[in-house]
Amino acid sequence: MSATSAEAGLTVVLVKAGKIKISYPAALLADNGTRVTVRAPWASARVRDFGFVRFEPGDVLTEHYWRDAWFAVKEVRSGAGELKGWYCDVTRPAVLRDGELVVEDLDLDLWVSADRSGVLRLDEDEFEESGLADRDPEAARAAVEALDELERLARTPEGFAGLLG
């Protein structure tokens, strides 16, 4: 199935520690049965300054989720269309049902700057504190492997092009 933003919409639901962290409307761009791609504006009215990037009202994210992979890759652009970089979440595989794309965040993240000179692993302390390794060792192992794979891809000459193409 393929859709343009004018054709279909859905709600992205980000779950963390069993609770909804945030939900927001998004335009469904494509769904090939494995990867779901949506576009959404930055879901906050406030600026979020991470130090290495600022997410601001007007920013647009093209978000790629997989039903068979433990991560999501979000291309971040300013309202003027300038690429800021890619924010990658380590998640359980996405589930799309009844107009909702449900994704469980597993704390680990990766930031890749637009020029790909900056590749930062994020929130490893939160991941350790989450207790996932004790509660669900297989999921914890898959999460760490996903972060390692994202970092490996980010550091290749083609970056995420093969993954997202």
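Rules of the game
Residues numbered from 1 in each chain as written. Predicted model: local features only at pLDDT ≥ 70, side-chain atom pairs only at ≥ 80, totals over all residues. Heavy atoms only, no water. Phe/Tyr/Trp six-rings, centres within 6.5 Å; stacked < 30°, edge-to-face > 60°. Helix = DSSP H or I, 4+ residues; strand = E, 2+ residues; numbered from the N terminus. Buried < 20%, exposed > 50% of the residue type's maximum accessible area, 1.4 Å probe, protein only. Core = buried A, V, L, I, M, F, W, Y, C linked by side-chain atoms within 4.5 Å. Contact = heavy atoms within 4.5 Å.

1. Digging into the packing of aromatic side chains
- By the definition in use, this model includes ten aromatic pairs.
- Seen from their ring centres, Phe52 and Trp111 are 5.9 Å apart, and the 40° between their planes marks the pair as tilted. Taken together, the positions of Phe52 in the loop between β4 (48–49) and β5 (54–55) and Trp111 in strand β10 (residues 100–113) put the pair 59 residues apart, joining distant regions of the chain.
- Owing to a relative accessible area of 2%, Trp111 belongs among the buried residues under this scheme.
- When the ring of Phe55 is compared with that of Tyr87, the centres are 6.0 Å apart and the planes differ by 75°; the resulting orientation is edge-to-face.

2. Some words on the environment of Glu129
- Mapped onto the elements, Glu129 comes out in helix α1 (residues 124–130).
- Counting along the chain gives 22 residues from Glu129 to Asp107, while the straight-line C-alpha distance between them is 9.7 Å.

3. Comments concerning the nonpolar core
- Val73, Val90, Leu110, Leu150 and Phe160 are the most contacted members of the largest nonpolar core, which has 24 residues in total.
- For this core, the secondary structure elements donating two or more residues are β7 (71–77), β8 (83–91), β10 and α3 (137–154).
- Non-local contacts of Leu150, meaning those with residues more than four positions away in its chain, are made with Phe71, Val73, Cys88, Val90, Leu110 and Phe160.
- Among the nonpolar cores identified, the runner-up in size contains 14 residues, and Leu10, Leu14, Ala26 and Leu101 belong to it.

Any functional reading would require information beyond the geometric quantities listed.
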